[in-house]
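Chain residues, written in single-letter form:
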Amino acid sequence: MKQTPYQTPINKTSIPGVIVKKWKQELLTHNKKMPSDIRSLGDNQKLKWLINSEHGSVHDLWEAFTTDRDLLPRYLMNPKKQALSYLLGFHLPNIARFQMVFERLSERYMWRDFWKSIKSAPTFIDFGCGSGAMSISWLSAIYRAGYKGPTHLSLFDHQAALLDMARRNIDALPFQTTIRSGKVDLTKAISYVDKNLNKIEGVTNISLGYIWNEISNNHRAQHKLIELLGKLESKETILWIFEPANQNQSRKAMELRDQLISMGYELAYPCSHSSQCPMLERSRDWCYSEGHWQRPIEIELLDKRLKLDRSKLRTTAMILMSPKVKAKLADLKRNSDQIIVGKPLKELKSNLPKKLRARLKEKKKFDYLLCGPKGISKVTPIHPEKSCMSRGEVLDFE
């Protein structure tokens, strides 16, 4: 078993201020139930009132999204109520998750050079767009990476309240983009894109943000989606797949990953290889990423009311690319053989019982689980108490 002194500072993902500002402005438009004495206060006080009054619905929505969407409470079936809860609790964290993954792609490839080199306007097709978090993340990321041309967005959602919100959120930001949107269910959205494939030029980005688990029992939608992705494999295509980081939904995403590989796609993230996933061999294993982000004060207040610590975000992210995109990135690859996929409880966490923490400290070592071209392996840091590596990061031996 290898040992390494590897240590890296905790890198925190930071959302651009203009996006946070627009998020606050959109929240403040939902003031119909705000008492008159609160409406006379400043924006910060209004936001605090909104967080205090809506944190319960955010919690209920979070439970349904991460376990079973059929458990969604009746009151959250109101489209406007659900849209507000989603905006408050999930919009910024999902932007941070996407941004974290985009930044890590730059550790594996000269990712920014790739976006700078694109000449034709890229397209981002956002299935189940929600508040527009995935689209906003992508736009922000590629323009910050150096892309300077126009872009095209296609937004699809079955809820008009969310679709309208997404358009407002994107329209208010300084991006050079044209937007098409459709209030349709996922099956119809897939059919529409399929019929218009010949009109799409340049790099096509398909966003599947928390979609695969949503259609887990809709075999018709799954079949049509796989059929569409099969047709896109021969074009310049990037797939952005995000799912909750729990065991059941992560493993479904891992199975989807293997299916897409068998269709010809290559892995860009998190894996450093495009072989079948070795973590599927044992039912107790699942793959997800984690990373820290700089939470706005309002999110910190919401987390306090929710009794959650979301300073570290988790997500199951699978980013795949077609052979044509892979060919362009072939000469831009960096060393990324070993990816951290596991951190056993032997790590010295402050929330462990004191007796267990003391016993582990005596051992002064623990293992990280790594995934690479040769499968799963372990590494033992020489200074575990100083180690701060996260799942999804690249490990380079010194």
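Before reading on, note that the structure itself is shown above.
Counting restarts for each chain, with residues numbered from 1 along the sequence as it is written. Residue-level local features of this predicted model are given only where pLDDT is at least 70; pairs of side-chain atoms are given and counted only at 80 or more, and the full residue set underlies all totals for whole chains, interfaces and linings. Excluding hydrogens and water, the side-chain values take into account all heavy atoms of the structure.

## With respect to the overall build of the protein chain
Piece 1. Check the secondary structure of the protein chain and you find 14 helices and 14 strands.
Piece 2. Sorting the 398 residues of the protein chain into buried and exposed places 55% on the buried side.
Piece 3. Pairs at least 24 apart in sequence give 76% of the contacts found in the protein chain among residues at least 6 apart.
Piece 4. Accessible areas in this description were obtained via Shrake-Rupley with a 1.4 Å probe; residue shielding takes into account the shown protein chains only. Approximately 18,700 Å² of the protein chain is accessible, and the part contributed by carbon and sulfur atoms is 49%. Helix numbering and strand numbering both begin at the N terminus, where a helix is a DSSP run of H or I of at least 4 residues and a strand a DSSP run of E of at least 2. For every residue, the accessible area obtained with a 1.4 Å probe (protein chains only) is divided by the maximum for its type, and the residue is called buried under 20%, exposed over 50%, and partly exposed between those limits. The contact criterion used throughout is that any non-hydrogen atoms of two residues lie within 4.5 Å.

## Structural notes on the packing of helix H4 (residues 79-89) against helix H8 (residues 160-171)
Piece 1. In contact at an axis separation of 9 Å, H4 and H8 are set at 40° when each is read in the N-to-C sense. The orientation of H4 with respect to H8, classified from their angle, is oblique. For the pair formed by H4 and H8, the contact residues are Pro 79, Lys 80, Ala 83, Leu 84 and Leu 87 on the first element and Ala 161, Leu 162, Met 165 and Asn 169 on the second.
Piece 2. Looking at side-chain class alone, the contact of H4 with H8 contains 7 nonpolar, 1 polar and 1 charged residues. Each axis is a line fitted through C-alpha atoms, and for a helix only the stretch in contact is used; angles between axes span 0 to 180 degrees, taken between their N-to-C directions. Throughout this description, any angle smaller than 35 degrees is read as roughly parallel, any larger than 145 degrees as roughly antiparallel, any in the 65 to 115 degree range as roughly perpendicular, and the remainder as oblique. Classes in brief: Ala, Val, Leu, Ile, Met, Phe, Trp, Tyr, Cys and Pro nonpolar; Asp, Glu, Lys and Arg charged; the others, Gly included, polar.

## Points about the nonpolar core
Piece 1. Only buried residues count toward a nonpolar core, which is a set of Ala, Val, Leu, Ile, Met, Phe, Trp, Tyr and Cys residues joined through side-chain atoms within 4.5 Å. If you look at the biggest cluster of nonpolar residues, it comprises 70 residues, and the most contacted ones within it are Trp 111, Trp 115 and Trp 240.
Piece 2. Counting 38 residues, the second-largest nonpolar core is a separate cluster that includes Phe 156, Ala 189, Leu 239 and Leu 256.

## Notes on unusual backbone geometry
Piece 1. Tyr 269 connects to Pro 270 through a cis peptide bond whose omega is 0°.
Piece 2. Of note, Pro 270 is situated in the loop between strand E8 (266-269) and strand E9 (289-293).

## Quick word on helix H9 (residues 186-195)
Piece 1. Considered for burial, the residues of H9 that qualify are Leu 186, Thr 187, Ala 189, Ile 190, Ser 191 and Val 193.
Piece 2. Tucked into the core, H9 has its buried residues touching strand E3 (123-127), strand E4 (151-157) and helix H10 (219-232).
Piece 3. Identification of polar contacts relies on pairs of N or O atoms within 3.5 Å, with a donor-acceptor requirement for protein atoms, meaning one able to donate a hydrogen and the other able to accept it, and with residues adjacent in sequence counted only if both atoms are side-chain atoms. Near the N-terminus of H9, the side chain that reaches the backbone nitrogen of Thr 187, with its oxygen 3.3 Å away, is that of Asp 185.

## Overview of the pattern of salt bridges
Piece 1. Think of a salt bridge as a Lys or Arg side-chain nitrogen and an Asp or Glu carboxyl oxygen that are within 4 Å of each other. Evaluated as defined, the whole model comprises 14 salt bridges.
Piece 2. Measuring nitrogen to oxygen at the nearest pair gives 3.9 Å for the salt bridge that ties Asp 309 to Arg 295. Taken together, the residues Asp 309 in the loop between helix H12 (297-306) and strand E10 (312-321) and Arg 295 in the loop between E9 and H12 connect sequence positions 14 residues apart.
Piece 3. The structure contains a network of salt bridges with shared partners spanning Arg 295, Asp 303, Asp 309 and Arg 310.

## A word on the side chain of Ser 216
Piece 1. With respect to the helices, strands and loops of the structure, Ser 216 is situated in the loop between strand E6 (204-209) and H10.
Piece 2. Here Ser 216 falls in the buried class, since its relative accessible area comes to 18%.
Piece 3. Within polar-contact distance, the side chain of Ser 216 engages the backbone oxygen of Asn 213 at 3.1 Å.

## Some details on the pairing of E3
Piece 1. Among the 5 residues in E3, 5 count as buried, and that is most of the element.
Piece 2. Along E3, one buried face is formed by Thr 123, Ile 125 and Phe 127 and the opposite face, lined by Phe 124 and Asp 126, is buried too.
Piece 3. Sheet topology note: the E3/E4 ladder contains 5 bridges and is parallel. Across the sheet, Thr 123 pairs through a bridge with His 152, a residue of E4.
Piece 4. Crossover E3 to E4 through helix H7 (residues 133-145) is right-handed. Only strands joined by at least two bridges in the DSSP assignment are considered to pair. Every crossover in which the path from the first strand over the helix to the second runs clockwise, viewed with the strands pointing away from the viewer, is termed right-handed.

## Concerning the environment of Pro 16
Piece 1. Within the secondary structure, Pro 16 sits in the loop between strand E2 (12-13) and helix H1 (17-28).
Piece 2. For Pro 16, a relative accessible area of 18% corresponds to the buried category.
Piece 3. Sequence separation of Pro 16 and Ser 140 is 124 residues, and the distance between their C-alpha atoms is 8.2 Å.

## A look at the environment of Ser 216
Piece 1. A C-alpha to C-alpha distance of 8.6 Å links Ser 216 and Lys 252, two positions 36 residues apart in sequence.
Piece 2. Every residue in contact with Ser 216, bar those within four places of it in the chain, is listed here: Gln 222 and Lys 252.

## Side note on the side chain of Asp 303
Piece 1. Within the secondary structure, Asp 303 is located in helix H12.
Piece 2. For Asp 303, a relative accessible area of 1% translates into the label buried.
Piece 3. Ignoring sequence-local partners within four residues, the contact set of Asp 303 consists of Arg 295, Leu 308 and Arg 310.

## Structural notes on the packing of H1 against helix H5 (residues 91-108)
Piece 1. Running from N to C, H1 and H5 point in directions that differ by 160°, and their axes come no closer than 11 Å. Judged by the inter-axis angle, H1 sits roughly antiparallel to H5. The way H1 lies across H5 gives a crossing that is right-handed. Counting all contacts with H1, which are made through Ile 19, Val 20 and Trp 23, the residues of H5 involved are His 91, Leu 92 and Ile 95.
Piece 2. Class assignment for the residues of the contact of H1 with H5 results in 5 nonpolar, 1 polar and no charged. The crossing is said to be left-handed when, going from far helix to near helix, the turn is anticlockwise and less than a right angle, and right-handed when the turn is clockwise.

## Some thoughts on the packing of aromatic side chains
In this description, an aromatic ring pair is defined by two values, namely the gap between the centres and the angle between the planes.
Piece 1. We call Phe, Tyr and Trp rings a pair once their centres come within 6.5 Å, taking the six-membered ring for Trp, and we label the pair stacked below 30 degrees between planes, edge-to-face above 60, and tilted otherwise. Going through the model one piece at a time under the given rule, you end up with 17 aromatic pairs.
Piece 2. Between Trp 111 and Trp 240, the aromatic rings sit 6.4 Å apart at their centres with planes inclined by 70°, giving edge-to-face as the arrangement. Separated by 129 residues along the polypeptide, Trp 111 in helix H6 (residues 111-117) and Trp 240 in strand E7 (residues 237-243) bring together distant segments of the chain. Across the pair, exposure class does not vary: Trp 111 and Trp 240 are buried alike.

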